[in-house]
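Remarks on the overall topology
Each chain, written out:
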Amino acid sequence: MPTANHQTASDVMKERERLYKLIIGQLRSDKFETIAYDLTIALKNATGGFMITSAPTNRLSQLLNYGLRYEELNEETESHSKKLEKATNLGPGLDLEYDTDDMNSSPTVIQYETAYVTSHKAPTRVACFTADGKLCATGSVDASLKIMDVERMITKSQQQTKQEQENHPVIRTLYDHLDSITALTFHPVTTHLVSGSKDCTIKVFDFTKASVKKAVKCLEEGAAVRSLAFHQTGDYLLMALDHPIIRLYDYETLKCYVSSNSLSQHTSSVLGLCWNSDCTMYASCSSDGSIKLWDGVSNRCVKTFDDAHNGAEVTSIQFSRNGKYVLSSGKDSVVKLWEVTSGKQWYQRRVRGEPQSDLLHSIKQGTIC
């Protein structure tokens, strides 16, 4: 009897047959019929007359893309077990030794300069960057979207020459919503920009198609969209609405998932969502005044911070880069830093009338990791 770690000759032949079928199918899908036929005949001769054929299919290409993506994710992120191990050794306070080489590299607030200015016809409410920082997008109350090339924005000079007009930083202006844009996020893998609006729709734009200003995909909801957040693989999309229940959508099939425990949901509109760095957990905040932490696999609530801002609405939430802390802001004009494992509040600052960019920049850059 073969063991679990030992393949028989029959198993090997079946694997090879499956591989050759995928190769032949891919060749036929790519219009290489002659090569596919020659390979079929060669395999027939090699196997003593057994014919291996396949209909045209790009399954091999899809499997290759999935494998490469999985390999990249394994190289860029630590395993879930290592994250849990690190989380159990948090120490008594903030991990200020994390990435200390970068602590002094962030410029002070007064050193920031405006590199480029563009405008919508009404106030701009939301903006986001691609994962590589090469593109950014803005959404406005006028229901329009703009996508801009960051490098072009930085290098653009004051003189308006013909060449500069051809290389204008605004590479796309998109119109398809009927009301204010309230949420924006780029897909982490594809060339899609996903937007949410007060018109209760979520729209997907392919920004590689220069002549297309309308969405390639649309999803209608029953309430205004508040926040959107992609899983790092791009396979799932978190959605917050003017509704207590968080939606988790399969991006390919648009099938919707919610937590099986209705009692763990918020009791009022969800205002913000974010994943941690390895997407093993996500956080939500609500107008009910609470912050909730959710398991990224089971979609169950694992921790709730009630009255996180003394009863005020919690308007935004953000994980630190190492996932140990969560930064929240509320309508009490206070930002607070929370330890994930213990739920303890480690820091707070009232920002009304005070500069807040230093704290927000620190948690984004990892100074407070």
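In case you missed it, the structure is sitting above this.
Residues numbered from 1 in each chain as written. Predicted model: local features only at pLDDT ≥ 70, side-chain atom pairs only at ≥ 80, totals over all residues. Heavy atoms only, no water.

1. Let's talk about the overall build of the protein
- Helix and strand content of the protein: 7 helices and 20 strands.
- For the protein, the proportion of its 369 residues judged to be buried stands at 41%.
- Considering only contacts within the protein whose residues lie at least 6 apart along the sequence, 45% involve residues at least 24 apart.
- Accessible surface, the protein: about 21,300 Å² in total, of which carbon and sulfur atoms supply 51%. (Helix = DSSP H or I, 4+ residues; strand = E, 2+ residues; numbered from the N terminus. Buried < 20%, exposed > 50% of the residue type's maximum accessible area, 1.4 Å probe, protein only. Contact = heavy atoms within 4.5 Å. Areas by Shrake-Rupley, 256 points an atom, 1.4 Å probe, with all protein chains shown as cover.)

2. Overview of the pairing of strand E13 (residues 270-275)
- Extensive coverage of E13 is indicated by the burial of 6 of its 6 residues.
- Sheet topology note: the E13/strand E14 (residues 281-286) ladder contains 5 bridges and is antiparallel. Directly across from Cys274, in E14, lies its bridge partner Ala283.
- Linkage of E13 to E14, two consecutive antiparallel strands, is achieved through a turn of 5 residues, within which Cys279 is found at a positive phi near 60 degrees. (Pairing = 2+ DSSP bridges.)

3. Overview of empty space enclosed by the protein
- Under the counting rule described, the total for this entry stands at 1 cavity of 30 Å³ or more.
- Volume-wise, the largest cavity comes out at about 70 Å³.
- If you go around the largest cavity, the residues you meet are Val194, Ile202, Lys203, Val204, Lys217, Leu219, Leu237, Tyr249, Tyr251 and Leu254.
- Secondary-structure elements contributing two or more residues to the lining of the largest cavity are strand E7 (201-206) and strand E8 (217-220).
- When residues in the lining of the largest cavity are grouped by element, the largest group, 3 residues, is from E7. (1 Å grid on protein atoms, 1.4 Å probe; cavity = no way out; pocket = protein on both sides within 12 Å on 5 of 7 lines; lining within 4 Å. Points joined across faces, edges and corners; volume = space filled by probe spheres on them.)

4. So, the sheet that holds E13
- Strand order across the open sheet formed by 4 strands is E13-E14-E15-E16, with antiparallel pairing between neighbours. Single-partner strands in this sheet number two, and they are E13 and strand E16 (301-305). Recorded for the sheet is a direction-independent mean angle of 20 degrees between the axes of neighbouring strands. (Axes fitted to C-alpha atoms, helices over the stretch in contact; angles between N-to-C directions.)

5. Considering the environment of Ile147
- Residue position: Ile147 is located in strand E3 (residues 144-149).
- For Ile147, a relative accessible area of 0% corresponds to the buried category.
- Considering only alpha carbons, one finds Ile147 and Thr173, 26 residues apart in sequence, at a separation of 6.5 Å.
- Apart from residues lying up to four places away in sequence, Ile147 is in contact with Leu135, Cys136, Ala137, Pro169, Val170, Ile171, Arg172, Leu174, Phe186, Leu193 and Phe207.

6. Here we look at the environment of Leu135
- Tracing the backbone through its elements, the reader meets Leu135 in strand E2 (residues 135-140).
- Distance in space between the C-alpha atoms of Leu135 and Pro169 is 9.6 Å, their sequence separation being 34 residues.
- Residues contacting Leu135, with those up to four places away along its chain left out, are Cys128, Phe129, Thr130, Ile147, Met148, Asp149, Val150, Ile171, Phe186 and Phe207.

7. Focus: helix H2 (residues 33-46)
- Over its 14 residues, H2 extends 20 Å from the first C-alpha to the last, a length consistent with the 20 Å expected when each residue adds 1.5 Å.
- All of the buried residues along H2 are Ala36, Thr40 and Leu43. Down the axis, H2 shows its buried residues gathered within 70 degrees of arc, on one side only. Turned more than 90 degrees from where H2 packs its buried face, Thr34, Tyr37, Asn45 and Ala46 sit exposed. (Expected span 1.5 Å × (residues − 1). Arc of directions from axis to C-beta.)

8. Observations concerning the side chain of Lys146
- Its location among the elements puts Lys146 in strand E3.
- Buried and unpaired, Lys146 has Asp142 as its nearest opposite-charge partner, separated by 7.2 Å.
- Among the polar contacts listed, one links the side chain of Lys146 to the side chain of Thr118, at a separation of 3.4 Å.
- Only 2.6 Å separates the side chain of Lys146 from the backbone oxygen of Ser119, close enough to count as a polar contact.
- Here Lys146 is in contact with Thr118, Ser119, His120, Cys136, Ala137, Thr138, Val170, Arg172 and Thr173, once residues within four sequence places are set aside. (Lys, Arg positive; Asp, Glu negative; His and termini not counted. Salt bridge = Lys/Arg side-chain N within 4 Å of Asp/Glu carboxyl O. Polar contact = N/O pair within 3.5 Å; in protein donor to acceptor, adjacent residues only side chain to side chain.)

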